[in-house]
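Chain by chain, the residues:
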Amino acid sequence: MKRIITYGTFDMLHYGHINLLKRAREMGDYLVVALSTDEFNWNSKQKKTYFSFEKRKQLLEAIRYVDLVIPEESWEQKVTDVALYNVDTLVMGDDWTGKFDFIASQTDTEVVYLKRTPEISTTQIKKDLNKNN
Ligand code: C2G
């Protein structure tokens, strides 16, 4: 069984996220999603999410491509996560290209960056909503 992991905030879930999760899951048989906690988002990414961790987790768990959702509480946990969850491949969108190559060098985990869906982002959604009001 080939096990995949990916990380993210997944706030205001949209089809760009779904495209990523679908392709990640299709690379193997089991997909773990490490979902950024509200504290991690605020303290480490200066991101205030619209939906709480619990709501974002509920949404992700309803997606057919997602097998398990775990909390992402630090940048460093990836090294232990890949061992803990017996992961073969770590997948991220290509806006992160190169940032997690150390995982491949420090562990025997493949790291793959997939093309982002270009035209959609949570920031863009918020901008468009504000513009139309
Ligand atoms: N994504 C995408 N296309 C978009 C938007 C997002 O492919 N239009 C991908 C991102 O590249 C990422 C995943 O969807 O792989 C989740 O995106 P975010 O929720 O924005 O995640 P981010 O804030 O980048 O957090 O430790 C890693 C971080 O937790 C990643």
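Criteria and thresholds
- Residues numbered from 1 in each chain as written.
- Predicted model: local features only at pLDDT ≥ 70, side-chain atom pairs only at ≥ 80, totals over all residues.
- Heavy atoms only, no water.
- Helix = DSSP H or I, 4+ residues; strand = E, 2+ residues; numbered from the N terminus.
- Rg over C-alpha atoms; globule rule 2.2 N^0.38 Å.
- Buried < 20%, exposed > 50% of the residue type's maximum accessible area, 1.4 Å probe, protein only.
- Contact = heavy atoms within 4.5 Å.
- Pairing = 2+ DSSP bridges.
- Axes fitted to C-alpha atoms, helices over the stretch in contact; angles between N-to-C directions.
- Near = heavy atom within 4 Å.
- Polar contact = N/O pair within 3.5 Å; in protein donor to acceptor, adjacent residues only side chain to side chain.
- Areas by Shrake-Rupley, 256 points an atom, 1.4 Å probe, with all protein chains shown as cover.
- Nonpolar A, V, L, I, M, F, W, Y, C, P; charged D, E, K, R; others polar.
- Phe/Tyr/Trp six-rings, centres within 6.5 Å; stacked < 30°, edge-to-face > 60°.
- Lys NZ or Arg CZ within 6 Å of the ring centre and 35° of its normal.

Along the protein, the regular secondary structure elements total six helices and five strands. Starting at the N terminus, the α and β elements of the protein follow one another as β-α-β-α-α-β-α-β-α-β-α. Whereas a compact globule of 133 residues would reach a radius of gyration of roughly 14 Å, the protein reaches 15 Å, a difference of no more than 12%. By principal-axis analysis of the C-alpha atoms, the protein measures approximately 50 × 30 × 30 Å. Across the 133 residues of the protein, 44% fall into the buried class. Across the protein, the fraction of contacts at a sequence separation of at least 24, relative to all contacts at a separation of at least 6, is 64%.

Within the open sheet, the five strands sit side by side as β3-β2-β1-β4-β5. Their pairing is parallel. Strands at the two margins of the open sheet, each flanked by one partner only, are β3 (68-72) and β5 (110-114). Taken over all neighbouring pairs, the strand axes of this sheet differ in orientation by 25° on average, direction set aside. Note that strand β2 (residues 30-36) and β3 share five bridges and pair parallel.

This part covers the site of the ligand. Around the ligand lies a shell of 22 residues, among which Lys47, Glu72, Lys78, Asp95 and Ile120 are the nearest. Within the side chain of Ser36, a nitrogen or oxygen atom sits 3.4 Å from an oxygen atom of the ligand. Within the side chain of Asp95, a nitrogen or oxygen atom sits 2.6 Å from an oxygen atom of the ligand. For the ligand, whose unbound accessible area comes to 630 Å², protein coverage reaches 95%. Those elements that provide at least two residues to the shell around the ligand are β1 (3-8), α1 (15-26) and β4 (89-93). The greatest single-element share of the shell around the ligand, amounting to three residues, is contributed by α1. By residue class, the composition of the shell around the ligand is eight nonpolar, eight polar and six charged.

Moving on, we get to the packing of aromatic side chains. This model, assessed by the stated rule, comprises four aromatic pairs. Taken together, a centroid distance of 4.9 Å and an interplanar angle of 80° make the contact between Tyr50 and Phe51 edge-to-face. By relative accessible area, Phe51 is classed as partly exposed at 29%. With a centroid separation of 5.8 Å and an interplanar angle of 50°, the aromatic rings of Trp75 and Trp96 are classed as tilted. With Trp75 in the loop between β3 and α4 (77-84) and Trp96 in the loop between β4 and α5 (101-106), this pair connects stretches of sequence that are 21 residues apart. Its relative accessible area of 27% is what places Trp96 among the partly exposed residues. Among the aromatic residues, ring-to-ring pairing joins Phe40, Trp75, Trp96 and Phe100 into one connected group. Above the face of the Tyr30 ring, Arg3 is positioned so that its terminal group lies 4.5 Å from the ring centre. Above the face of the Tyr7 ring, Lys78 is positioned so that its terminal group lies 4.5 Å from the ring centre.

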